[in-house]
Every structure is written in C-alpha cells, then in structure tokens.
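The primary structure of each chain is shown beneath.
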Amino acid sequence: MLLDPPERPARPHRLASAAPALLGYAAARLAGVAVLLVAAAAAGEDPWHRLSGRWDAVWYVRVAEHGYGYETVLPDGSVHSDLAFFPLLPALERALSEVLPLTAAGAGLVVAWVASLAAAWGIHAVGSHLAGRRAGIVLAVLWGVYPTAFVQSMAYTETLFTAFAAWALYAVLHGRWVAAGALAALAGLTRPSAVAVVAAVGVTALATVVRERRVTPGIVAGVLLAPLGWLAYVVYVAVRVGSPTAYFDVQAAWGNSIDGGAALARFTWAQLTGPQPLAGVGLLAAFAVLGWAVWWCVRQRQPLPVLVYTLAVVAVSLVGAAYFGSRPRLIMPAFPLLLPAAVALARLRDRYAAAVLAVLAAASAAYGAFALLGPGPP
C-alpha cells in the first residue's frame, strides 16, 4: 500500500489546521484521566499520586529538588543511581516550581500535559504532510489511545521526547536542517532513545548529500547539532564519575544494558515453558503485530527519516535488558507505526471512524486505570 497523494493543508503546522487533532487527542486523554479518577475513588487511592509520585516520576522530582547524586542499594546489591535519568524534565520541573505555586511533582504533570499537546500537534503535522489532513487528525488521536497512553498523562518524559521527535521529523521533511538538529539535541537531553532522532537526521542528511551531490551549511549544522544533547549528558556523567563508560555502567546497574534482545528472548521462552504458556503465546502474538506494523510502514513507503526513526525506536526498545513491562511504553514514541491504521480509518465515514476511536479510547482508559492502580511500574 502506498501513501495516497495527500490533500494536505498548505501549513499543517498551523494551530488552526491542528485544532481538530488536538481536541480529539485531548478528549481521549481526558477520558483516560476521568476513568482513573473514578476507579481510584472506588479503590480508595490517590489518583494524582499515581500520576506524579511513583516509579520514575519520583526520581525526576528528586533530581529537580536536590540535583544529581542520589543512589540506593537494592537487597541484591545492585546500585541504582539517579544519573540514569536525563536532565531536561527535572530542569523544567525545577524552573516551573520556582516561578509558579507548584511542587516539583505538580510541575512535572504540567510539563507532561503541555508536552503531550505539543507532541499531538507534531504528530498531526507529520501525518498531514504524509497522508493528508484527515489521516493527520486520526494519527494524533490514535497516539492518544495507544494501549499505554496513560503514561502520556504521567510526569514521565515520553510526551516531551515525542514532541521533540515529531517536530524534528517534520523539520527534516521540509529540509529545515538547523531546526531538526536543535530539536534532536533537545530530545537528547530528554531520553537515551534520542539516538533514533539523531539517526533519522544523520541518515537523511547523508542520503540528501549523495542525491544532490552537494553539502550545504544547513545540513552540516543540523548534523553537528543533532547528537550534542545526548553526548553532552553522557560526557557529564563520565566526568562526574571519572570513567568514560560511566553512563553505560549506570544503566547496566539498572538492568538496562544492551544485550541484543537476549533478555527478551529468555523472558518469552520462560513464559512459553512456564505454568501459563498462554502468556507466552500472547507475547508471540504481540511481536507478530509489531512486525506486521513495521512491514506496513515499509510497504507504505514512508519517507526515509520517518522509517529510520521508527525502526530505531523499535530496535532500541527490544535490544536492551530492561524490565519487560516497560517495553510497550518505550515503543510508544514510534508513532509512525500507527500511520497505516490512520490512513485506513481516514477513509471511513466520519461516524464510523469516530466510533472506532471511541471504542479504542474506552479500552485504553480502562487499561490505564488498571495499570496505574496496580503494583508494578509502567
């Protein structure tokens, strides 16, 4: 399936064009928060604590309030250091809490929610550019009803990172290399998976130079800017700890080392051969769906930077030894995976497309409340 020639608006980045996408996205996420509020009240839990005061959010708040330098030793002897967490979100939390009557945790929610709208806007802009305005609107809403979209309402970095990534891709698609490099650098201060954005900028720049047989100052500037955020933080950790591999050592201590997918394979095999083999079958089915989505993106002939970014995010999410439950949210920034579905839904009549999205929003909201009120981290 090829992307149809899109009937795209002249400026899909303009707010007026993006308004329906933002409204649809906001409605989906508000539904998720509303279901959480009701479920938390029934369970006697504090929903706001679930969104801003647990798991990774606690580490970001601690960095915002006290800076880096905190470590905790687990019963098995492994050391978890706050240097595993990139600095942009806690820096924004600290800045907002100093100028507004907010705690750092509350500021984290504000940043995440504002960034979620910026991300939906950027996703709409990319989708509109590639497949037309209707597909761009649907794509933004689909991202808001992704199974782990509840993380988009938490004081986590997923929305901030996706906002930078989406707008960086949009800039690359329009040949705005300096803007793309700057946005990639900001993504690099947000999450380690920014290597996917850097790769999208670098590979596309190389392909452009080969195709046009010339190197422009803008391309050079964009390529040089793109990795600076990620590199700056890795170098900071190296200098602070006194070891060139310090950042990677810190991540390894958290169980986030790169093992080529060996941990994921062992986990899947353990499920298949354990007391509940249907869980393993479900995992294999999930991998099949992911592979199918990637195949459709390739068959759809998505542009080079979009494909490189998507494949890199998926690869980074699968080749690490991270806690298995975090992998779906690690893949979530790969929003182009949803573009084939967005194109298909955009071809339906409005009432049918709206019905499908409403059902998905309800399912996502219910799962989000279940996950947030559970004991394990997302």
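Let us look at the structure shown here. (Residues numbered from 1 in each chain as written. Predicted model: local features only at pLDDT ≥ 70, side-chain atom pairs only at ≥ 80, totals over all residues. Heavy atoms only, no water.)

The next thing to look at is the overall build of the protein. A tally of helices and strands in the protein yields 18 helices and two strands. Scaling as 2.2 N^0.38, a compact globule of 378 residues should have a C-alpha radius of gyration of about 21 Å, and the protein matches this with 20 Å. Each principal axis of the C-alpha atoms in the protein carries an extent, and together these give about 60 × 50 × 50 Å. Every one of the 378 residues in the protein was classed for burial, and the buried ones make up 49%. Considering only contacts within the protein whose residues lie at least 6 apart along the sequence, 76% involve residues at least 24 apart. Of the roughly 16,900 Å² of accessible surface on the protein, 70% is carried by carbon and sulfur atoms. (Helix = DSSP H or I, 4+ residues; strand = E, 2+ residues; numbered from the N terminus. Rg over C-alpha atoms; globule rule 2.2 N^0.38 Å. Buried < 20%, exposed > 50% of the residue type's maximum accessible area, 1.4 Å probe, protein only. Contact = heavy atoms within 4.5 Å. Areas by Shrake-Rupley, 256 points an atom, 1.4 Å probe, with all protein chains shown as cover.)

In this structure, Leu142, Trp143, Met154, Val197, Tyr309, Phe335 and Leu337 are the most contacted members of the largest nonpolar core, which totals 103 residues. It is helix H7 (residues 158–173) that provides the largest number of residues to this core, a total of twelve residues. With residues near it in sequence (within four places) discarded, leucine 142 still touches Leu338, Ala341, Ala342, Leu345, Leu357 and Leu360. (Core = buried A, V, L, I, M, F, W, Y, C linked by side-chain atoms within 4.5 Å.)

In this section: helix H18 (residues 350–372). Over its 23 residues, H18 extends 32 Å from the first C-alpha to the last, a length consistent with the 33 Å expected when each residue adds 1.5 Å. Buried within H18 we find Ala353, Leu357, Ala361, Ser364, Ala365, Gly368, Ala369, Ala371 and Leu372. Looking at the buried positions of H18, the neighbouring elements they touch are helix H1 (15–43), helix H2 (47–52), helix H6 (133–144) and helix H17 (339–346). (Expected span 1.5 Å × (residues − 1).)

Attention shifts here to the packing of aromatic side chains. Within this structure, the stated rule accounts for 22 aromatic pairs. Ring geometry for tyrosine 309 versus phenylalanine 335: centroids 6.2 Å apart, planes at 45°, classification tilted. Residue tyrosine 309 is located in helix H15 (residues 304–318), and its partner phenylalanine 335 is located in the loop between helix H16 (327–331) and H17; the two are separated by 26 residues in the primary sequence. Of the two residues, tyrosine 309 and phenylalanine 335, neither departs from the other in class, the shared state being buried. Between the aromatic rings of tyrosine 367 and phenylalanine 370, the centroid separation amounts to 6.5 Å while the plane-to-plane angle is 40°, which identifies the pairing as tilted. One end of the pair, tyrosine 367, and the other, phenylalanine 370, are both in helix H18, three residues apart, so they sit about a helical turn from each other. Chaining the aromatic ring pairs together yields one cluster made of Tyr68, Phe86, Trp230, Tyr233, Tyr236, Tyr247 and Phe248. Over the ring of tryptophan 59 we find arginine 62; its NZ or CZ atom is 5.4 Å from the centre of that ring. A cation over an aromatic ring shows up here: arginine 351 above the ring of tyrosine 352, its NZ or CZ 4.8 Å from the ring centre. (Phe/Tyr/Trp six-rings, centres within 6.5 Å; stacked < 30°, edge-to-face > 60°. Lys NZ or Arg CZ within 6 Å of the ring centre and 35° of its normal.)

How two helices pack is summed up by the angle between their axes together with the distance between the axes. The geometry of helix H8 (residues 177–188) relative to helix H9 (residues 195–212) is characterised by a closest axis approach of 9 Å and an angle of 155° between their N-to-C directions. When the interaxial angle is binned, H8 and H9 end up roughly antiparallel. The handedness of the crossing between H8 and H9 is left-handed. Every residue of H9 that contacts H8 at Trp177, Ala180, Ala184 and Ala187 is listed here: Val197, Val201, Thr204, Ala205 and Thr208. (Axes fitted to C-alpha atoms, helices over the stretch in contact; angles between N-to-C directions. Parallel < 35°, antiparallel > 145°, perpendicular 65-115°, else oblique. Left-handed = near helix turned anticlockwise from the far one by under 90°.)

Let's shift gears to the pattern of salt bridges. Between side chains of opposite charge, pairing is possible as soon as their charged atoms come close. Per the counting criterion, the structure on display carries eight salt bridges. Here aspartate 350 and arginine 134 are joined by a salt bridge, their closest N and O atoms 2.7 Å apart. Taken together, the residues aspartate 350 in helix H18 and arginine 134 in helix H6 connect sequence positions 216 residues apart. Note that glutamate 212 is salt-bridged to arginine 214, the shortest N-O span being 3.7 Å. Through salt bridges with shared partners, one network takes in Asp56, Glu158, Arg191 and Arg329. (Salt bridge = Lys/Arg side-chain N within 4 Å of Asp/Glu carboxyl O.)

These results come straight from atomic positions and should not be treated as a statement about function.
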